2 protein chains.
Amino acid sequence: MRRILLTVAYDGTDYHGWQVQDNGPTIEGELNKAIERLTGTVTEVAGASRTDSGVHGRGNRAVFDTDSTIPAEKFTAAINTFLPSDIRVISSLEVAPDWHPRKVRTIKTYEYRIDRGRVADPLRARYSWNVWGELDVDAMRRAAGYLIGEHDFTSFCAAASQVEDKTRNIVSIDIEDNSDDEMVIRVRGYGFLYNMVRIIVGTLIQVGFKKITPEELDGILKACDRTKAAETAPPQGLTLMSIEDVDPDYFTE
Amino acid sequence: MRRILLTVAYDGTDYHGWQVQDNGPTIEGELNKAIERLTGTVTEVAGASRTDSGVHGRGNRAVFDTDSTIPAEKFTAAINTFLPSDIRVISSLEVAPDWHPRKVRTIKTYEYRIDRGRVADPLRARYSWNVWGELDVDAMRRAAGYLIGEHDFTSFCAAASQVEDKTRNIVSIDIEDNSDDEMVIRVRGYGFLYNMVRIIVGTLIQVGFKKITPEELDGILKACDRTKAAETAPPQGLTLMSIEDVDPDYFTE
């Protein structure tokens, strides 16, 4: 039995998120089906990040175990043959049989794209959130500063989440605002809670509109109360860009 | 009766091109329906460029006549209310009652995007052609030079075209190749034949692969024979970016 690690990119528009669901197609479900068709064996991949319905991926990870004799790097093209064109395996390699994508310490990079046009651009609508009006970008950057580092992010986690420990560590939040028509908010961290990046983005936009001051972020964090932060930004602006190993010997679980 | 000029952007993926057809939805058809629902009057827009099935637009133009008293600039938001989200009116203004988008001298700018990845990127697949392998970009630029200016472009026109005079004037062809993962071929001209940009792109790619030498372009042009040029590049890479008036007093028809 060998364990194969896949890097996976997808347009999440037409999927009910990563994780297998009863009510519609998912990225994980399509990967399972494609690998089953290729190898003839029932397969369940294990993913690194269970992205939400409508969220996109460029560098998500999944592993599966197989008795197939296909060389590890050949799985990329072979699995792609059986996948719909909006999901692509980018690379494949063999890892240790006990390597698990949720048990390695990594930094995840998310990008959230904002279409700044007065009219939402139909060529970017699948991959961005249209926000029109003046934004105070300096205030947004100051507000983001309060979120860097290790904090209890209960205020920035969907209320429905069952996770007990809501302490997470954000490495950086960069706001790229170097074009008239697009803003990119890039968030890097060791792990994220359910909807966390989208609640951060929704809150930073309210800071940009001066509905929230940067200094209020401190109180919002400390309140540990989801109702104190702003509304969740819509899913289609969000893409999981990459997952980097930071210390392969360190296991978080 | 007033004549209103719209600038229109669209994701062409789910449409059978610009022009009204019996066999499926079109950009023109959706505009007609939206304006009819807004004004209560049967309307037929006249477009500047009848883009093909699957081709996108950022700056296409359409005019329509109306008795509505809506201020010209308010049509943008009003029509968008009745359009699907993959078609957007970008701006609206009143023009002279005899102004016609196909009877003004303009320069059209098309961009053709090429995804250079080994695996087609699912987040760009709707808007690019995946071409993997080494391309000789210098040779492509030299080949493009043969096409600049006024020529009979019969070799670069779909054989089915009914147009008699196939002389057209290309202003410039720029090949942007400043990233590892994308190439953009930007073609500007006073007018184009059916499939002309896509046949040019298909041919330049064969030059990049050294299947055609740059110098052969001269003979291909002079042959006035569609079979001498390469295959038509697929539609989804192509976007009509803009239409600029160059001399509003000069009418081509």
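That block above? That's the structure.
Since the structure is predicted, the reported quantities are computational estimates derived from the model, not experimental observations. (Residues numbered from 1 in each chain as written. Chains lettered and ligands numbered in written order. Predicted model: local features only at pLDDT ≥ 70, side-chain atom pairs only at ≥ 80, totals over all residues. Heavy atoms only, no water.)

Which residues make up the packing of helix H3 (residues 137–145) of chain B against helix H4 (residues 196–208) of chain B, and what values go with them?
All names here are of chain B. With their axes 8 Å apart at the nearest point, H3 and H4 run at an angle of 135° to one another. In this view, H3 runs oblique relative to H4, as classed from their interaxial angle. Handedness of the H3/H4 crossing: right-handed. Here H3 contributes Ala139, Met140, Ala143 and Ala144 to the contact with H4, which in turn contributes Leu204, Ile205, Val207 and Gly208. Of the residues in the contact of H3 with H4, the class split is 7 nonpolar, 1 polar and no charged. (Axes fitted to C-alpha atoms, helices over the stretch in contact; angles between N-to-C directions. Helix = DSSP H or I, 4+ residues; strand = E, 2+ residues; numbered from the N terminus. Parallel < 35°, antiparallel > 145°, perpendicular 65-115°, else oblique. Left-handed = near helix turned anticlockwise from the far one by under 90°. Contact = heavy atoms within 4.5 Å. Nonpolar A, V, L, I, M, F, W, Y, C, P; charged D, E, K, R; others polar.)

Residues and numbers for the relation of the copies chain A and chain B, please.
The pair of chain copies shares a relation made of a rotation about an axis and a shift along it. Rotating chain A by 180° and moving it 0.0 Å along the rotation axis overlays it on chain B with an RMSD of 0.0 Å. Here the two chains are linked by the operation of a two-fold rotation axis. The fraction of interface residues of chain A whose copies in chain B are also interface residues reaches 100%, indicating that both copies meet through the same surface. (Least-squares fit on C-alpha atoms with pLDDT ≥ 70 in both.)

Got a sec to walk through a negative patch on the surface? Specific residues and values, please.
Residue and element names in this part refer to chain A. Taken together, Glu150, Asp152, Glu164 and Asp165 make up a surface patch of like negative charges. Take glutamate 150: it is sitting in strand E7 (residues 149–152). Of the residues examined, glutamate 150 reaches a relative accessible area of 58% and is grouped as exposed. (Patch = residues over 30% accessible without salt bridge, like charges linked within 9 Å, V, L, I, M, F, W, Y side chains within 5 Å. Areas by Shrake-Rupley, 256 points an atom, 1.4 Å probe, with all protein chains shown as cover. Salt bridge = Lys/Arg side-chain N within 4 Å of Asp/Glu carboxyl O. Lys, Arg positive; Asp, Glu negative; His and termini not counted. Charge placed at Lys NZ, Arg CZ, Asp CG, Glu CD. Buried < 20%, exposed > 50% of the residue type's maximum accessible area, 1.4 Å probe, protein only.)

I'd like to hear about the environment of B:Val89, residue by residue, with values.
Among the structural elements, B:Val89 can be located in strand E4 (residues 87–95). Here B:Val89 is in contact with A:Val119, B:Leu6, B:Thr7, B:Leu31, B:Thr76, B:Ile79, B:Asn80 and B:Leu83, once residues within four sequence places are set aside.

I'd like to hear about the packing of aromatic side chains, residue by residue, with values.
All names here are of chain B. Applying the stated criterion across every chain, the model contains 10 aromatic pairs over all chains. Measuring from centroid to centroid gives 5.4 Å for phenylalanine 64 and phenylalanine 75, while their planes differ by 85°, and the two rings are edge-to-face. Within this pair, whereas phenylalanine 64 is found in strand E3 (residues 56–66), its partner phenylalanine 75 is found in helix H2 (residues 75–80), the two being separated by 11 residues in sequence. The buried category is assigned to phenylalanine 64, whose relative accessible area is 1%. When its relative accessible area of 0% is taken as the criterion, phenylalanine 75 is described as buried. Considering the side-chain rings of tyrosine 112 and tryptophan 129, the 6.2 Å spacing of their centres and the 85° angle between planes classify their relative orientation as edge-to-face. (Phe/Tyr/Trp six-rings, centres within 6.5 Å; stacked < 30°, edge-to-face > 60°.)

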